[in-house]
There are 2 protein chains.
Amino acid sequence: MGAALALGERSRGRTTPNPNVGCVIVHDGRVVGRGWTQPGGRPHAEAMALAAAGGAARGATAYTTLEPCAHVSARGPACSDLLIAAGVARVVVALGDPDPRTDRFGLARLRDAGIAVSHGVRADDAARGMAGFLTRQRLARPAVTLKLATSLDGCIALADGTSRWITGAQARAHAHLERSRHDAILVGRATWDVDAPTLDVRLPGLEDRAPMRVILSARPSAAAPPDEEARPPIRITGPEQIAALPADHVLIEGGAAAAAAFLRADLVDRLLLYRAPILIGGGNPAIRDIGLDDLGTAHGRWRLHDARQLGTDRVEVYERSPCSPA
Amino acid sequence: MGAALALGERSRGRTTPNPNVGCVIVHDGRVVGRGWTQPGGRPHAEAMALAAAGGAARGATAYTTLEPCAHVSARGPACSDLLIAAGVARVVVALGDPDPRTDRFGLARLRDAGIAVSHGVRADDAARGMAGFLTRQRLARPAVTLKLATSLDGCIALADGTSRWITGAQARAHAHLERSRHDAILVGRATWDVDAPTLDVRLPGLEDRAPMRVILSARPSAAAPPDEEARPPIRITGPEQIAALPADHVLIEGGAAAAAAFLRADLVDRLLLYRAPILIGGGNPAIRDIGLDDLGTAHGRWRLHDARQLGTDRVEVYERSPCSPA
């Protein structure tokens, strides 16, 4: 299942509106097929893995990060039918599919065909990997990550706006990898106007992963981008409008006003914090006023999920706490 | 040596102007004497350990965190003479004593008496433990720790000044233990006037460790404290004046202006950062302007020495980098 989860990560941010599923097929202790949802959402992971396995799928075990779909679409057959037809003996599933066309029907169809089904294996990790799809199903909006790169004293720039560079090369490469795992990157209008950010993925082999660019601007009349722009940005006038974007994973990259707007609207699911071992003093703060008037209510909302050193910098990932209102 | 270092920590912040040394005497694999510099600076660690060992010191090994003193004072004999008289066979020393009355003379006297001497064992840890004494010897000022307790976005309070509580009970207990290891706690005038901080040590068994209180106030005319005050604060009008305090370990506890004044004067040797998993947004920043106008010069000054979780909070200790100007 760990391998299937890793395969699912390959197309995170590129399968909207479909989930980014991973699948591994094992026969007699040997991997005979691997698959992951392809960009655009098809083929599904199970179809790809079964095609690779061919006849070796008969009697095999399929590990898949999401309940195999039970619905036939114009774009392809139901994965549960494909698994039955291929003669797999056992299917191990991380997470049930909340899509009402599949929810429980996928597993039931497999069991009815005499296939042994295990369910719930590494479900938490699968939920993290497919956060965008699941948030869209549950809350009808994308999953939102807020990225901040700060000094030890929480500044994102000098008072004059200089922010190159606070973090080092390793942290910046990590941030570019995170970009590649999102459909859309959002910045506020001030950041757009001042930095003119390209918001692309500057990592060898991932240059084509540049997500769509979104600008949060209260002024809908802002000048249109020039015609020749390869990736014309989408403008939204309020944080709630991310629900309308054709994106299930949105990364907020700056600045302090955009961060505050999304936090104030309680639309942030994950914090991606890069922190350099420097002090700035009197610099630009990371987040503007979010309407907090009681320290007590600030506690219990965020839970540390992961942390690591990146050179002399540190990255921390916080998730919305299960005890926090969603 | 690890045990001797731990003993030396017992009176850190209470031995000024003497170093807080630890000493362990071992005979045939058994600890026969332990000592640490007593509050006020006398007796010395070696004298206390030798007194505990008695006749068992003959042929023993003495582990001591600092070169035994070579100078006789009105307050006691030279420790190198005491070790020779007790007949120890071997002395293991962490760090040489920079005091010119002892520097190298202490070790030479032991060697001349036929005692085997090892030198440099865990010298870095010893230098950390006796940072106050060593900084006083080298720079004629105390060692200075800057403490900050912040949210993830670097705020030390809400915009209205509310700061109770950002960190949790474990972090606050840790901060009180740090207080007990300093001679003096310093706050800025605004913090003093607003919070009226007691700056004491609220830990069972350590209540008597309350350090002297120091206020940084540009206005020397500030009202004198009431007569009945048990620990009347000392007022200084500029950060350089800490050199005149009868303290070798100074802890700066607040607020943003005092922190900036000491950083600007390059008088901070150690950062003690408590960080709670909350976002404040638009709150009070931890550090005011320190005159930084180039991000490049901010890098390379601080090196992470230690970090640990304290409940849901995290404490990090940064030290002045060896590459940084002292």
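Cut-offs applied
All chains use their own residue numbering, which begins from 1 and follows the written sequence. A letter from A marks each chain and a number from 1 marks each ligand, given out in the order of writing. Thresholds applied to this predicted model are a pLDDT of at least 70 for local features of residues and 80 or more for the giving and counting of side-chain atom pairs; totals over whole chains, interfaces and linings are not thresholded and use all residues. Excluding hydrogens and water, the side-chain values take into account all heavy atoms of the structure. UniProt positions are given in the numbering used here, feature names are shortened, and annotations may be inferred rather than shown by experiment. Secondary structure elements are defined from DSSP: runs of H or I of at least 4 residues count as helices, runs of E of at least 2 residues count as strands, and each element is numbered from the N terminus. Burial status follows relative accessibility: with a 1.4 Å probe on protein chains alone, a residue under 20% of its type maximum counts as buried, one over 50% as exposed, and anything between as partly exposed. Pairing of aromatic rings covers Phe, Tyr and Trp, the last through its six-membered ring, and needs centres within 6.5 Å; plane angles under 30 degrees mean stacked, over 60 mean edge-to-face, and all others mean tilted. Geometrically, a lysine NZ or arginine CZ counts as sitting over a ring once it is within 6 Å of the ring centre and also within 35 degrees of the ring normal. Pairs of residues are marked as contacts when any of their non-hydrogen atoms sit within 4.5 Å. Accessible area that two parts lose when put together, with a 1.4 Å probe and added across both, is what the buried area reports. The salt bridge criterion pairs a side-chain nitrogen of Lys or Arg with a carboxyl oxygen of Asp or Glu, the two atoms within 4 Å. The definition of a polar contact used here is a pair of N or O atoms within 3.5 Å, where within protein one atom must be able to donate a hydrogen and the other to accept one, and adjacent residues in sequence count solely through side-chain atom pairs. Note on residue categories: nonpolar means Ala, Val, Leu, Ile, Met, Phe, Trp, Tyr, Cys or Pro, charged means Asp, Glu, Lys or Arg, and polar means any other residue, Gly included. Least squares is the method used to superpose the copies, on C-alpha atoms of residues holding a pLDDT of at least 70 in both. Each cavity reported here is a set of points on a 1 Å grid over the protein atoms alone in which a 1.4 Å probe fits but cannot get out, each pocket an open set with protein on both sides within 12 Å along at least five of seven lines, and each lining residue one with an atom within 4 Å of a point. Grid points are joined across faces, edges and corners, and a volume is the space filled by probe spheres set on the points. The source of the domain bounds is an automatic or database domain assignment. Fitting a line to C-alpha atoms yields each axis, with helices limited to the stretch in contact; the angle taken between N-to-C directions then spans 0 to 180 degrees. For classification purposes, an angle smaller than 35 degrees is called roughly parallel, one larger than 145 roughly antiparallel, one from 65 to 115 roughly perpendicular, and anything else oblique. Should the near helix be turned anticlockwise from the far one by less than a right angle, the crossing is left-handed, and should it be turned clockwise, the crossing is right-handed.

Per an unreviewed UniProt entry, chain A carries the name Riboflavin biosynthesis protein RibD and comes from Sphingomonas insulae. Regarding chain A, the relevant UniProt record gives this comment under Function (unreviewed entry): "Converts 2,5-diamino-6-(ribosylamino)-4(3h)-pyrimidinone 5'-phosphate into 5-amino-6-(ribosylamino)-2,4(1h,3h)-pyrimidinedione 5'-phosphate."

Participant: What am I meant to see in unusual backbone geometry here?
Facilitator: Trans is the common state for peptide bonds, and a negative phi is the common state for residues other than glycine. Residue W165 of chain B follows R164 of chain B across a cis peptide bond; omega there is -15°. Relative to the helices and strands, W165 of chain B resides in the loop between β7 (155-157) and α7 (169-180). Backbone torsion omega between G254 of chain B and G255 of chain B reads -10°, so that peptide bond is classified as cis. Look at R122 of chain A: it is not a glycine, yet its phi comes out positive at around 55°. Considering the arrangement of structural elements, one finds R122 of chain A in the loop between β5 (116-119) and α5 (123-129). If you check the backbone angles, D266 of chain A has positive phi at about 55° while not being a glycine. Along the polypeptide, D266 of chain A turns up in the loop between α9 (256-264) and β12 (270-275). A relative accessible area of 24% means that D266 of chain A is categorised as partly exposed.

Participant: So what exactly am I meant to see when it comes to the packing of aromatic side chains here?
Facilitator: Counted according to the given criterion, the structure contains zero aromatic pairs over all chains. Against the face of W36 of chain A rests R10 of chain A, its NZ or CZ located 4.3 Å from the ring centre. Residue placement shows R172 of chain B over the ring face of W165 of chain B; its charged tip is 3.9 Å from the ring centre.

Participant: What's the story with the interface of chain B and chain A in this structure? I'm lost.
Facilitator: Interface size is commonly expressed as the accessible surface area that is lost when the partners come together. Facing 36 residues of chain B, the contacting portion of chain A comprises 36 residues. Interface area for chain B against chain A, summed over the two sides, is near 3000 Å², with a carbon-plus-sulfur share of 65%. Salt-bridge contacts for R275 of chain A lead to E316 of chain B; the nearest nitrogen and oxygen are separated by 3.0 Å. The interface formed by chain B and chain A holds eight residue pairs in polar contact (both at pLDDT 80 or more) in total. Each residue belonging to the side of chain B that touches chain A can be placed in one class, and the counts come to 20 nonpolar, seven polar and nine charged.

Participant: Sorry, what's going on with the relation of the copies chain B and chain A here?
Facilitator: A rotation about some axis, followed by a shift along it, carries one copy of the chain onto the other. Of the two same-sequence chains, chain B is brought onto chain A (RMSD 0.1 Å, axial shift 0.0 Å) by a rotation of 180°. This pairing of chains is accounted for by a two-fold axis. Proximity to the rotation axis, assessed at the C-alpha, singles out G154 of chain B in chain B; its C-alpha lies 2.0 Å from the axis.

Participant: Hey, could you run me through empty space enclosed by the protein in this one?
Facilitator: Unfilled space is identified by rolling a water-sized probe across the atoms. Residue and element names in this part refer to chain B. Within the structure shown, the criterion is met by five cavities of 30 Å³ or more. Of the voids in this model, the largest cavity is the one considered here, and its volume is about 50 Å³. Forming the walls of the largest cavity are L5, G8, E9, N20, T65, D125, A126, G129 and M130. Taken together, the elements giving at least two residues each to the lining of the largest cavity come down to α1 (2-9) and α5 (123-129). A per-class count over the lining of the largest cavity returns three nonpolar, four polar and two charged.

Participant: Explain the domain arrangement of chain A here, please?
Facilitator: All names here are of chain A. Domain boundaries in chain A define domain 1 (2-133) and domain 2 (141-320). Computed over C-alpha atoms, the centres of domain 1 and domain 2 are 32 Å apart. Counting residues at the interface gives 14 residues for domain 1, matched by 14 residues for domain 2. For the pair domain 1 and domain 2, the summed buried surface comes to about 1100 Å²; carbon and sulfur atoms form 36% of the total. Taken as a group, R12, T16 and R128 account for 47% of the area that domain 1 buries against domain 2, more than any other trio of residues on that side. Between E319 and R128 there is a salt bridge whose closest N-O contact spans 2.3 Å. Linking domain 1 with domain 2 are seven residue pairs in polar contact (both at pLDDT 80 or more). Top contributing element to the side of domain 1 that touches domain 2 by residue count: helix α6 (residues 131-139), with three residues.

Participant: Whenever I open this one, α6 of chain A confuses me. Can you help?
Facilitator: Structurally, the α-helix is built with 3.6 residues per turn, so residues lying three or four positions apart point the same way. Residues and elements named next belong to chain A. Taken together, the buried positions of α6 are G132, F133, L134 and T135. On the buried face of α6, the contacting elements are β3 (61-66), β4 (90-95), α5, β6 (143-150) and β11 (249-254). Within two residues after α6, A140 carries a phi angle of roughly 55°, on the positive side.

Participant: Can you walk me through the packing of helix α2 (residues 45-53) of chain A against helix α3 (residues 79-86) of chain A in this structure?
Facilitator: Any two packed helices are characterised by how steeply their axes cross, that is the angle between the axes, and by the distance between the axes. Residues and elements named next belong to chain A. Two elements in contact, α2 and α3, have axes whose closest approach is 9 Å; the angle formed by their N-to-C orientations is 20°. In terms of orientation, α2 and α3 fall into the roughly parallel class. Handedness of the crossing formed by α2 with α3: left-handed. In contact with E46, A47 and L50 of α2, α3 contributes C79, L82, L83 and A86. Among the residues making up the contact of α2 with α3, the classes are represented as six nonpolar, no polar and one charged.

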